[in-house]
Every structure is written in structure tokens, then in C-alpha cells.
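The chain contents come next:
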Amino acid sequence: MALRIISALALSLVLLGCKEQQTDALPSWNNNTSKQQIIEFVEQTTNSDSEHYVPVSERIAVFDNDGTLWAEQPMYFQLFFVLDQIKKQASQHPEWKNTQPFKAALEGDIATLEKGGMKAVMTLLMATHAGMSTEEFKLEVSNWLSNSVHPTTKRAYTDMIYQPMLEVLNYMRSKGFKTFIVSGGGIEFIRVFSEEVYGIPPEQVIGSSIKTGFSWQEGKPIIQRLPEINFIDDKEGKPLAINHHIGRRPIAAFGNSDGDHQMLQWTDAGKGLSLKVLVHHTDAQREWAYDKTSSIGKLDKALLEAQEKNWTVINMKNDWRTVFPNIE
């Protein structure tokens, strides 16, 4: 009898373990503090018996893109697109061979481009992102994503997404959250792939933009992309854009750099329970390790405040069982 009881108990424990594995919403995460904090927040805000319950209409979660949902090293992926577009269009602009910053872009001289700063980047952006319709730009981005690979990993750029963060997106949506991208990257660039890759429709993407105008082309109305910046969705611009596009303060915000700092601060200042998350890039073997001294995705002041206020900090090396999806 005692043996049967022990056997039954052992079987029950095995079955319980299997059930837990089957119902694990974040299977690519180690069972560390960051995972527990995310799950506890979601459970508390979606349980109608909880004092922290939040109605479905107010369950807004915002996510930075570069460095939070996909990789951003050795430079932002949209800049790789810009450089490839410069090379593609070079035959139509022979003057670029001797004109900066085009000369540096054609020669792959990243050091010179970095010295040129934002002015150089904007010059290249206007040359490659304006002067076409929104549909033409969408096609250019789609073709590039389909035919380009990351220079280090040799993966498609859309395979450089973080599997653990895809699980967070799916988990939160299964609990009634509406997920938005809030990125310093181009809004129309990200919209090309956001729905297919992240399950986030284009109307839930917020990003930097250039000005557009309504015109006619071959008897058809088009939206023309103009060579002028409209809005930079970075730092203090992120809360402004969230307020403008969404009209609700998020109760959850995910970022990875000082460019996301104000978005997390604004989320933290809301009433009720909120979740503020930073992805800290600590894994030099599976991805990259960088923070305070990096020119891409610098993380300094936001990390200090996260530590002071006990925000959730994801240690990529320790908290994630896997980084990128397993691609057959």
C-alpha cells in the first residue's frame, strides 16, 4: 500500500511538472527574477480579484524595437539598409564618389560616417528615404529584407529577433494587452515587417518619420515622401508620441537604452501598478555585451534609475535560455 501511495505521488509530481512545462508562457527564459516579475505583473493586472486589476481597455504595453525586440549591433539595421541603398543608387549619382558622406558610405568607411554625426546620417536618409511614394518605399524595404543578411551572423535581419521577447509579446496579448512598438527607427520601415515578425499591426507602430504630401502620379493619388524630417521618436519624444498616437499612458514599457529612459519614467509616473523593463546586453558570446560606452544603444542613466527604483532589468546572459529563434 505504502509503495503504491509513493508511486502515485511520484506520478502526480511528474504530471504536475509536465503541466507546468506545457503552460510555461515564457519557455525561453530561465526562472530568474526578471521572468517572475513580468509574470507576476501580468497576473496581478489581469486577475479581476486582484487589487491591481486593470480593465482590458487600459492594458497598454509599449516596446522599443532596436536592441529590445531585435538586435542593433554593430549598427542599427535601418542604417545597413541606407548604406545598401546608397550603393544601389550610386550609378545614377557619379558625384557621390567624391562627396561626403556618400563617399564614406560607398567605401564602407564607418569611422568617417560616425565623425559626420547626425548631419551625415540625415543626408544619407534623405537621399534614400525620400523622393518616392510610400508604396515604393515599402517595396524597397521588403525586397531588402528578403535579400539581405546580417554581416556578422549571416542571418536574415528578421531572424535577428529575440525569441524571449516574442514570447513576452504573445503572453501579454493572450492576457488582453495591446502591444505597441515605440521606436527611434523609421515608422514606415518597421511597419513593413512588424505584423509578420512580431504580430504587431502597422497601426500599432510608432516611430520617427519624414514629412509626406498628397499628390497624383499617372492619374492615381499617392502619398509622396518628402526630404524633410517630421518627428524624431527618441528620448523625450517617445512619451510625446505615445500620447499623440495612443492617447493612454502605458502600464508596461520595455526598452534597452537611454533613448527609452523617458518612456519608462512616464510609465512609472502613472497611477497604479506598472512594469518598467530594461534589456541589458550582457552576452558577448551569443549576442553582444555593451552599455555605458557604446555609441549604439548606450545604457547609462536609465540603468542607474532602474537599479535605484527596482525596475526590472533583464540580464541577457543569465536570464535567457536562448537569444534568437532556432531557424531550420
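Residues numbered from 1 in each chain as written. Predicted model: local features only at pLDDT ≥ 70, side-chain atom pairs only at ≥ 80, totals over all residues. Heavy atoms only, no water.

### Points about the overall build of the chain
- Regarding its fold elements, the chain presents 13 helices and seven strands.
- The principal-axis extent of the C-alpha atoms belonging to the chain is close to 90 × 45 × 40 Å.
- The buried share of the chain, reckoned over its 328 residues, is 46%.
- Taking as baseline every contact in the chain between residues at least 6 positions apart, the subset at least 24 positions apart corresponds to 66%.
- Split by element, the accessible area of the chain, about 16900 Å² in all, is 51% carbon and sulfur. (Helix = DSSP H or I, 4+ residues; strand = E, 2+ residues; numbered from the N terminus. Buried < 20%, exposed > 50% of the residue type's maximum accessible area, 1.4 Å probe, protein only. Contact = heavy atoms within 4.5 Å. Areas by Shrake-Rupley, 256 points an atom, 1.4 Å probe, with all protein chains shown as cover.)

### Concerning the confidence of the model for the chain
- Here the chain averages 93 in pLDDT, and 93% of its residues register 70 or above.
- Contacts of residues 1-21 to residues separated by more than four positions or lying in other chains number zero contacts, the stretch itself having pLDDT below 50. (pLDDT = per-residue confidence, 0-100.)

### Points about the environment of Asn98
- For Asn98, the position within the fold is in the loop between α3 (77-89) and α4 (102-107).
- Along the chain, Asn98 and Thr33 lie 65 residues apart, while their C-alpha atoms are 54 Å from each other.

### A short note on the packing of helix α10 (residues 237-245) against helix α11 (residues 261-268)
- The contact between α10 and α11 brings their axes to 7 Å, and the two run at 55°. Classed by the angle they form, the pair α10 and α11 counts as oblique. Every residue of α11 that contacts α10 at Lys238, Pro239, Ile242 and Asn243 is listed here: Gln262, Met263 and Trp266.
- Among the residues forming the contact of α10 with α11, the class breakdown is four nonpolar, two polar and one charged. (Axes fitted to C-alpha atoms, helices over the stretch in contact; angles between N-to-C directions. Parallel < 35°, antiparallel > 145°, perpendicular 65-115°, else oblique. Nonpolar A, V, L, I, M, F, W, Y, C, P; charged D, E, K, R; others polar.)

### Brief notes about the sheet that holds strand β6 (residues 275-280)
- Taking strand neighbours across the sheet as the criterion, the seven strands line up as β4-β3-β2-β1-β5-β6-β7 in an open arrangement whose pairing is mixed. The sheet is open, and its two edges are formed by β4 (220-231) and β7 (312-315), each paired on a single side. Within this sheet the neighbouring strands show an average axis-to-axis angle of 30°, counted without direction.
- The pairing of strand β2 (residues 178-186) with strand β3 (residues 205-217) spans three bridges and is classified as parallel. Across the sheet, Val182 pairs through a bridge with Ile206, a residue of β3. (Pairing = 2+ DSSP bridges.)

### Examining the nonpolar core
- With 67 residues, the main nonpolar core has Phe63, Met165, Met172, Phe189, Tyr198, Phe254 and Trp320 as its most contacted residues.
- Sequence-distant contacts of Trp320, defined by excluding residues within four places in its chain, comprise Ser28, Trp29, Asn30, Tyr162, Pro164, Met165, Val279, Arg286, Ile314 and Asn315.
- Within the second largest apolar cluster, 17 residues are counted, among which are Ala253, Leu264, Leu278 and Ala302. (Core = buried A, V, L, I, M, F, W, Y, C linked by side-chain atoms within 4.5 Å.)

### Considerations on the pattern of salt bridges
- Summed over the entire model, instances satisfying the criterion amount to 12 salt bridges.
- Its salt-bridge partner being Asp24, residue Lys35 comes within 3.0 Å of it at the nearest N-O pair. Residue Lys35 is located in helix α2 (residues 33-46), and its partner Asp24 is located in the loop between α1 (2-23) and α2; the two are separated by 11 residues in the primary sequence.
- Of the residues examined, Lys35 reaches a relative accessible area of 5% and is grouped as buried.
- For Asp24, a relative accessible area of 25% corresponds to the partly exposed category.
- As a salt-bridge pair, Lys211 and Glu228 come within 3.1 Å of each other at their nearest N and O atoms. Placement of the pair is Lys211 in strand β3 and Glu228 in strand β4, with a sequence separation of 17 residues. (Salt bridge = Lys/Arg side-chain N within 4 Å of Asp/Glu carboxyl O.)

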